[in-house]
Amino acid sequence: MYRVHNATKNAMTQLISNGVNGHHDDYDRLTLNGHGTNGLSNGTTTNGTATNGETNGKTTPRKRLDRKKSSPMMPAFMVSAPGKVIVFGEHAVVHGKAAIAAAISLRSYLLVTSLSKSKRTVTLTFPDIDFNHSWNIDELPWATFQHPSKKKYYYDLVTSLDPDLVAAIQPLVKDVSPDKPADLRKVHQNSAGSFLYMFLSLGNQSFPGCQYTLRSTIPIGAGLGSSATIAVCMSAALLLQLRTLSGPHPDQPPEEARVQIERINRWAFVYEMFIHGNPSGVDNTVSTQGKAVMFQRTDYTRPPAVKPLWDFPELPLLLVDTKTAKSTAHEVEKVRKLKDAHPKLVGSILDAVDKVTHSASDVIEHDDFDTDCEESLRRVGELMNINHGLLVSLGVSHPRLERVRELVDHEGIGWTKLTGAGGGGCSITLLRPGVPREKLDKLERQLDEEGYEKFETTLGGDGVGVLWPAVLKNGMDEDDEGGMEIDLEKFLNAEGNEGVERLVGVHGGVGEREGWKFWRVES
Ligand SMILES: Nc1ncnc2c1ncn2[C@@H]1O[C@H](COP(=O)(O)OP(=O)(O)OP(=O)(O)O)[C@@H](O)[C@H]1O
Ligand SMILES: C[C@@](O)(CCO)CC(=O)[O-]
C-alpha cells in the first residue's frame, strides 16, 4: 500500500504555496445553507444557455440568461464522504444482481481552496498516495469536451466513457509522475484521468484556479470503497463550485435533497468508471446517500434501483483488514473472464448470490429481527457464510481472508465473509452473541500477531457532507468568533487518521460537530 501520511517539509511548502485560502466575503451568495437560489431553477450551463436541470435526463428549454461577468472568489470549503461495507452481493451486483451495502464511519475529506484570479491552475494534492500535480486551465482540451456532439451537463446521466474524450486527455495523463515506480504511476495517472474527465465535462474555461486536497481515513484498496469516496467528494465539490446544488440545509424538503444526491451520485459514477472500468455503482451510491441500501442495476443505460434501508440494524461486526492490497478493477475483470469461460455455471453462482441477498433482506426486514437474539443473527450469519463460499468459487478470495475465517470458525466466534472486491482487502465477521471476552481477546491478539488490522467502525452513518466555509464551530483552537478555520497547512499537517478526524472529522471525537451539513433524504 502506498500510504504517505506526512508530506516532507519541502513538499509541504510547495503544496501550500500552490494555493491560497479563498476569502469568505462571497459565500452567503451561494446556494448553501438555504440562503441562496435553488440550483434546480438556476441551472445556467457553461455556454450561457439556461436549462431546467431536472432529473431523469429530461430538459425543457428556457430563456437565455445573462452570462456571469466574472466568477466571484469562493471561500475555502470541504466535502466529505463515507466508505462502505458490502454486506451481501459484491461482484454479483456488477452482473445485474442485488447487493446490500452500508456506509461506515471511516471517511474521506476534500478541502477546496480557490486561488487568486491571476493563477490559472488546477491542482490535485493527494498526500495519502504521494500525488501532487497541476495543470494550466487554459491549456486543457476544452474545445473537444465543449463540442455540441460531446457536451454533457450537470444533470445528465452518463453511463459510459466517451473514447474520444478519454483520448483527448491522454496526452495530459501520460505526463503524470514519470519518475514514480510503475504501479504508483498508474494509480496517479488514474487519479489524474478521472479528475480531468469530470472537470472538463462539468467545468468550463473560465473556471477559477483552485486546489483540491484530499485526505482519507479509509485504507486504500481494502474493499471499503475508498475510490468511491474520492469520486463522491470530487463530484460534490465541482457541482458546488458550479452552483448546481441547493442545500444542504435543515429545512430542505426530502424530495429536493434527493435530487441533489442523485446529481452528485451520477457524476461520482463517471469518476468510478475511470478508476474501475466497469463499476456497478453500488459503492458511490451508498457513499453519497449514507445509511444502508439495497442496490440493483439491471440496465446500465438507466439509473439503478436503490431501496434505502433506513432501519438497517446495528449488526455487531468485526471488520478486519488483511493488509493485502488489491485492485477492484482486477478482481472484477477476473470474474468477467470466468463468466465468459463458463457462462451457465457462473450464471448460476451469480443467481445464487442474488437469492442469498434477497433472503438476507427478508430476514433483516422482518418484524421479529432482533440483533440481541442468537437465532436472528444466526440466520444472517449463515447467509454470510454461503455468500462467502460463492465468492470463493468465483475465485476472489485470498489465503489471508481464509485464515481469518479459520481463526473465527475454530473459536466459534461468528460468521465471516470477505467484503468488497476480495483478492485481499477486508473481511467482516458477524459476532455471535455471548461470546466470552477472553475468546475475542485471543482472536484479536492472534490477528495482531499475524499482521492483520482490526477496525472499529459503526454502520449506517451519514452520506456526503459539506462544510461551507471550511470553518468548524466546536473544533480545536477556536478563534474570537468561536470558529476554527481549516486551512491547507493545518489540513496537510494533521497527524495520521486520528489527526484528520480530530481536525475536520464529521464527529471529530468530540460528538456531533456544528458546521458539517448533510442532505437529509429520509421522508
Ligand atoms: N486516500 C486516497 N487518496 C487518493 N486516491 C485514493 C485514496 N483512496 C483511494 N484512492 C483511489 O482509489 C483507488 C483504489 O480503488 P479500489 O477500488 O481498488 O479500492 P477500494 O475502493 O478501496 O475497494 P473496493 O472498490 O473493493 O471497495 C486508488 O488506486 C486511488 O486511485
Ligand atoms: C466488487 C464490487 O462488486 C464491489 C466493490 O466494492 C465492484 C462493484 O460493484 O463495482
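About the thresholds
Each residue is numbered by its place in its chain's sequence as written, counting from 1. Written order determines the labels here, with chains lettered from A and ligands numbered from 1. Predicted model: local features are reported for residues with pLDDT of at least 70 only, side-chain atom pairs are reported and counted for 80 or more only, and whole-chain, interface and lining totals are derived from all residues. As used in this record, a residue near a molecule or strand is one whose C-beta atom, placed from the backbone, is within 6 Å of it. Helix and strand assignments come from DSSP, with helices taken as H or I runs of at least 4 residues and strands as E runs of at least 2, each series counted from the N terminus. Three classes are used: nonpolar for Ala, Val, Leu, Ile, Met, Phe, Trp, Tyr, Cys and Pro, charged for Asp, Glu, Lys and Arg, and polar for all others, with Gly counted as polar. Where each domain begins and ends is defined by an automated method or by a domain database. UniProt positions are given in the numbering used here, feature names are shortened, and annotations may be inferred rather than shown by experiment. Between the buried cut of 20 or more and the exposed cut of 12 or fewer other C-beta atoms within 10 Å of a residue's own C-beta lies the partly exposed class, and all C-beta atoms are placed from the backbone. One requirement defines pairing of two strands: DSSP has to find at least two bridges between them. The angle between two axes is taken between their N-to-C directions and runs from 0 to 180 degrees, where each axis is a line fitted to C-alpha atoms and a helix contributes only its stretch in contact. In this scheme the crossing of two helices becomes right-handed for a clockwise turn of the near helix relative to the far one and left-handed for an anticlockwise turn of less than a right angle. Here the contact rule is simple: place C-beta atoms from the backbone, and any two residues whose C-beta atoms are within 7 Å are in contact.

## Some thoughts on the site of ligand 1
Lining the immediate surroundings of ligand 1 are 26 residues, of which Ser216, Ser226, Ser227, Thr328 and Gly420 lie closest. The set of elements that each furnish at least two residues to the shell around ligand 1 consists of helix H4 (182–202), strand E5 (210–216), helix H5 (226–241) and helix H6 (254–276). Residue composition of the shell around ligand 1, grouped by class: 11 nonpolar, 13 polar and two charged. Taken domain by domain, the shell around ligand 1 gets at least three of its residues from each of domain 1 (9–45 + 71–306 + 462–518) and domain 2 (315–455).

## As for the UniProt feature "domain: GHMP kinase C-terminal" (unreviewed entry) in the chain
UniProt records the feature "domain: GHMP kinase C-terminal" (unreviewed entry) at residues 374–446, using the numbering of this structure. For residues 374–446, the helix share is 59%, the strand share is 16%, and the end-to-end C-alpha distance is 25 Å.

## Quick word on unusual backbone geometry
With an omega of 0°, the peptide bond running from glycine 247 to proline 248 counts as cis. Mapped onto the fold, proline 248 is located in the loop between H5 and H6. Residue proline 469 is bonded to the preceding tryptophan 468 through a cis peptide linkage, with omega at -10°. The topology assignment puts proline 469 in the loop between strand E12 (465–467) and strand E13 (471–472). With a phi close to 60°, arginine 243 is a non-glycine residue in the positive phi region.

## Digging into the pairing of strand E1 (residues 77–88)
In terms of burial, E1 is largely enclosed, as 12 of its 12 residues are buried. Two strands pair when backbone bridges link them, and E1 and strand E2 (residues 99–114) are joined in this way by 10 bridges, in the antiparallel orientation. Counterpart to isoleucine 86 in the pairing with E2 is alanine 101.

## As for the site of ligand 2
Taken together, 16 residues lie around ligand 2, and Glu90, Pro279, Ser280, Gly420 and Ala421 are the ones closest in. Looking at the shell around ligand 2, the elements that each hand over two or more residues are helix H7 (282–289) and helix H8 (328–341). A class-by-class count of the residues in the shell around ligand 2 yields seven nonpolar, seven polar and two charged. Three or more residues apiece are contributed to the shell around ligand 2 by two domains, here domain 1 (9–45 + 71–306 + 462–518) and domain 2 (315–455).

## Section: the sheet that holds strand E8 (residues 317–321)
Backbone hydrogen bonds hold the strands of a sheet together, and the pairing may be parallel or antiparallel. In spatial order, the strands read E9-E10-E8-E11; together these four strands make up an open sheet with antiparallel pairing. Taken across any chain shown, the strands that pair with only one partner, and hence form the sheet edges, are strand E9 (414–419) and strand E11 (453–455). Neighbour to neighbour, the strand axes of the sheet diverge by 30° on average, direction disregarded. Relative to strand E10 (residues 426–431), E8 runs antiparallel, the two being bridged by five bridges. Bridge assignment links leucine 318 to a residue of E10, and that residue is threonine 429.

## Overview of the packing of H4 against H6
Helix packing for two helices is described by the angle between their axes and how far apart those axes are. At their nearest, the axes of H4 and H6 sit 8 Å apart, and the two run at 145° to each other. Considering how the two elements wind past one another, H4 and H6 form a crossing that is right-handed. Between H4 and H6, the contacting residues are Asn190, Gly193, Ser194, Tyr197, Met198 and Leu202 on the first element and Trp267, Val270, Tyr271, Phe274 and Ile275 on the second. By residue class, the composition of the contact of H4 with H6 is eight nonpolar, three polar and no charged.

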